[in-house]
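Secondary and tertiary structure notes
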Amino acid sequence: MDFIRRLVSIAAVAGIAGAACAYPADAAEAPPAFKISAIIGLSGPLAVIGADMRRGVEIALEERDSKLNGIPIEITWDDSEGKPQVTVQKASQRIAQGTSMIFGEIGSPPTIALSTLTEQREVPLLVTFAADNALTAPGRLHWTFRTGKNVSSTVLSTAGLSAQLHVTKVFGITPDYDAARDSWNVFKTYAGQHNIAIVGEEFHPTPNRDFSILIDKAIRSGADGLFITSQGNDAVTLLKQGAEVGLKDKMKLFGGGVVDEVIMRAVGAAGVGVGSTIRYHWSEDFPANKAFVERYRKKFGENPSANAGDSYDGMRWWLRVVENTHSWDKKDWIAAMAGNVIQDSVEGRKEMGACDHQARQIALAGIGIENTAADLPKYAMKVTAVMQPGEIYKPCP
Amino acid sequence: MSILVIGLSLASVLFLLSAGLTLIFGMLGVINFAHGSFYMLGAYVGFQTIALSGNFWLALLVAPLIGGLLGACVECAALRPVYNREPHYQMLLTFGLILILEEAIKWIWGLDYKEVGAPAILAAPTHLLGATVSTYRLFIIGFGAMVAAALFLALDRTRIGVVVRAASTDPEMVRGLGIDVNFVRTGVFAFGTGLAALGGAVTAPLFPVELGMGFSVIIDCFVVIVIGGLGSIKGAVVAALLLGLVRAVAYTMAPEWVDFGSYTLLIVVLLTRPQGLFGREARVA
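What you are looking at is a predicted structure, and each value in this text was computed from that prediction instead of being measured. (Residues numbered from 1 in each chain as written. Chains lettered and ligands numbered in written order. Predicted model: local features only at pLDDT ≥ 70, side-chain atom pairs only at ≥ 80, totals over all residues.)

What to know about the overall build of chain A
Secondary structure assignment for chain A yields 14 helices and 16 strands. Taken over the C-alpha trace, chain A has a radius of gyration of 23 Å; the compact-globule value for 397 residues is 21 Å, and the two agree within 12%. Here the C-alpha coordinates of chain A stretch approximately 100 × 45 × 35 Å along the principal axes. Residues classed as buried in chain A amount to 54% of the 397 residues present. Put simply, 69% of the contacts in chain A that link residues at least 6 apart link residues at least 24 apart. (Helix = DSSP H or I, 4+ residues; strand = E, 2+ residues; numbered from the N terminus. Rg over C-alpha atoms; globule rule 2.2 N^0.38 Å. Buried ≥ 20, exposed ≤ 12 C-beta atoms within 10 Å, placed from the backbone. Contact = placed C-beta atoms within 7 Å.)

Have a look at this one:
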């Protein structure tokens, strides 16, 4: 009897030890739900971006039946209105309610404000849109990961575009804020190394309602290329007002993310021929992308935008990493994401930099086109170049 | 030359946007915070009209009609009951109207940008005195001048103008003369919102047509009517010209300081003439 009791005890100890091996010793107890707090602009001019980001994330969650290691994923959507103070206020509320992670914001200033908060409160922050280099400066932020592109990689891709467009004299129009000025400075350095003359530069307030005088200055400068850092509404205004004086006929227009398929719908013919980096494109030839596009079309009846694709891919990657840790300890997720490699993203291989938490990935460049096929949007983007990660990102030491 | 044209076109756009707002305040004493939303509605109606008919000029007729009609409904159903209450009731009401109109536009047209281009006849640039200028901007300058002239004539030289001015000064006396003051007020509000919608349609080829476009113009409108003097059409014309030219010069010299230039002008006017350039001084007891 004693022998049997001893055998049962040994088996029980062995079982507990086995379970302990299967799950890390420091794993916290499973919470009732994995809570994602998405804080993005869902109203006003940002609504068009926010809505697409939301669609992308929804697909990423649906693919896994909104579950993570057996517990349900609960997502809440808060409208940041694109303002840093609103973003931080809503994030603070969600952190107090025990959120597992935060997804957001859209613009760089609110995202930087958000990253300061998540750093203090030790909550993971997933960024797919904001591009300011400061968010992924080496060794700066421990809890922030960016799966989208940063300013430097975008500008270097744009620089590649300038070679493709054969411009030799460039005028720059840039919004007057840090990330945009950084972009322009990176381009100027590239231009200096590649015999491209900078013939003028202008900085404008943002949002800006009139570009006509800046356009006039660009035309008078004798430039054969206009580098545009303005995005969103400013890009639409600039291109529409440029069309008034035939700007496209006088010089090549190009910039980092100046046009995408959303902007093309706003500017129409004024965007045809404009060169731009593309954050993501539904036509990318990767199995994961084809599956995503098919699912997206089935659900929403159209091709995913760059914002939807980026958000889907970032959330899908992050959730997979968290799942593979089999842990509910946030520190384990951070350790696993830093340096992680995903082979089957919608854009092929991506590697999360261990030194800066910035994803190394391919970059696309293309031009605005007019489609003649009836089943495609009349104005869209065509990918003309693919840059490899080695060309646009510095490796981690 | 192009700076002058651009300055005048900026002024014309500012006047078209603020004329309705100052008219409504001048005649009814209502600060219509939803003015920007009527402007946005005009741009969307313009887009829809062009999409259905392919005719830009038709959009300039349909947009103010729809804007005016909706304005009339709002005045009858919502504003009329609060005329005799504290002014903040009117402010809250028009602020609520912003949210309703934005949601309605989102529901009808979705979140996407809408494309509105200049009509083909005005799309190509014009070469004027050695400068290349936008033909559409020349049209905007002429159009703004025409609207301003029509407003002056309507208010100063017609019987309708006399009735409207009288109704704003002494409604009881006007009512005693057998004139339906409520009808006059509805007409003025509808005309003001119609003007806002017209501004949205006519400037749609220059700016993004998207949700939130109303917010971006309302501040400009208030700057114009505060500089010009609340309720003064003449003031709105002069303030728009002043502001348009200041902006054109600021864009030429230091574009990143253009907002600084605009608000400095506002502060200078407020410090030296608090009632605005053509506003009436408030009587102090």
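Focus on the interface of chain B and chain A
The interface of chain B with chain A comprises 31 residues on the first partner and 30 residues on the second. Mapped by element, the contributors of at least two residues to the side of chain B that touches chain A are α1 (2-28), α6 (135-157), α10 (213-228), α11 (233-253) and α12 (258-272) of chain B. Of the residues in the side of chain B that touches chain A, the class split is 18 nonpolar, 7 polar and 6 charged. (Nonpolar A, V, L, I, M, F, W, Y, C, P; charged D, E, K, R; others polar.)

Side note on the packing of α10(B) against α11(B)
Residue and element names in this part refer to chain B. Contact pair α10 / α11: the axes reach a minimum separation of 8 Å and the direction vectors enclose 115 degrees. Here α10 and α11 pass one another in a crossing that is right-handed. Here α10 contributes Val 223, Val 224, Ile 225, Ile 227 and Gly 228 to the contact with α11, which in turn contributes Gly 235, Ala 236, Val 238, Ala 239, Ala 240, Leu 242 and Leu 243. (Axes fitted to C-alpha atoms, helices over the stretch in contact; angles between N-to-C directions. Left-handed = near helix turned anticlockwise from the far one by under 90°.)

Let's talk about the sheet that holds strand β12 (residues 341-345) of chain A
Read across the sheet, 3 strands follow the order β12-β13-β14 (chain A) without closing on themselves; strand pairing throughout is antiparallel. Each of the sheet's edge strands pairs with one partner strand only, and the pair in question is β12 and β14 (359-360) of chain A. (Pairing = 2+ DSSP bridges.)

Notes on the sheet that holds strand β3 (residues 71-79) of chain A
Residue and element names in this part refer to chain A. Strands sit in the order β2-β3-β1-β4-β5-β6 across an open sheet of 6 strands; the sheet is mixed. A strand with exactly one partner marks an edge of an open sheet, and here the two such strands are β2 (67-68) and β6 (144-146). In this sheet, strand β4 (residues 101-104) lies alongside strand β1 (residues 34-40) in parallel orientation, the contact comprising 4 bridges. Residue pairing in the sheet places Ser 37 in a bridge with Ile 102 of β4. This element, helix α3 (residues 84-96), spans β1, β3 and β4 of the sheet and lies at about 170 degrees to β1.

As for helix α12 (residues 306-325) of chain A
Residue and element names in this part refer to chain A. Here α12 contains 20 residues, and its C-alpha end-to-end distance of 29 Å stays within 8% of the 28 Å for a straight helix at 1.5 Å per residue. In terms of residue burial, α12 counts as a mostly covered element, since 16 of its 20 residues are buried. His 326 sits one or two residues past α12 and shows a positive phi near 50 degrees. (Expected span 1.5 Å × (residues − 1).)

Description of the domain arrangement of chain A
Residue and element names in this part refer to chain A. You can read the domains of chain A as domain 1 (34-149 + 285-361) and domain 2 (152-278 + 365-392). The C-alpha centroid of domain 2 is placed 27 Å from the C-alpha centroid of domain 1. Contact with domain 1, which involves 11 residues of that partner, is made by 12 residues of domain 2. Taken together, the residues that form the side of domain 1 that touches domain 2 break down as 4 nonpolar, 4 polar and 3 charged. (Domains from an automatic or database assignment.)

A word on the nonpolar core
Residues B:Ala197, B:Val224 and B:Ala240 are the most contacted members of the largest nonpolar core, which totals 199 residues. Of the residues forming this core, the biggest block, 16 residues, is contributed by α1(B). The residue makeup of this core includes at least three contributed by each of domain 1 (34-149 + 285-361) and domain 2 (152-278 + 365-392) of chain A. For B:Val224, the residues in contact, after removing those within four places along its chain, are B:Leu14, B:Ser18, B:Ala236, B:Ala239, B:Ala240 and B:Leu243. (Core = buried A, V, L, I, M, F, W, Y, C linked by C-beta atoms within 7 Å.)

With respect to the pairing of β1(A)
Residue and element names in this part refer to chain A. Counting buried positions along β1 gives 6 out of 7 residues, so the element sits mostly inside the fold. The sheet contact formed by β1 and β3 spans 7 bridges and is parallel. Across the sheet, the residue bridging to Ile 40 is Asp 79, located in β3.

Here's the deal with helix α5 (residues 151-165) of chain A
Residues and elements named next belong to chain A. With 15 residues, α5 should cover 21 Å at 1.5 Å per step; its first-to-last C-alpha distance of 21 Å lies within 8% of that length. Across the 15 residues of α5, 11 count as buried, placing the element largely inside the fold. Residues of α5 that are buried include every one of Val 151, Ser 153, Thr 154, Val 155, Leu 156, Ser 157, Thr 158, Ala 159, Gly 160, Leu 161 and Ser 162, and no others. Following α5 by one or two positions, His 166 adopts a phi angle in the positive range, close to 60 degrees.

Brief notes about unusual backbone geometry
All names here are of chain A. Of note, the bond from Gly 104 into Glu 105 is cis; its omega dihedral lies within 30 degrees of zero at -25 degrees. Its location among the elements puts Glu 105 in the loop between β4 and α4 (108-121). Omega for the peptide link from Thr 206 to Pro 207 comes to 0 degrees, which places this bond in the cis form. Relative to the elements of secondary structure, Pro 207 occurs in the loop between β8 (197-204) and α7 (212-220). Here the phi dihedral of Ser 66 falls at roughly 55 degrees; this positive angle occurs in a residue that is not glycine. Within the element layout of this structure, Ser 66 appears in the loop between α2 (47-62) and β2. Even without a glycine there, the phi angle at Glu 122 is positive, about 55 degrees. Assessed through the 12 C-beta atoms surrounding it within 10 Å, Glu 122 is described here as exposed.

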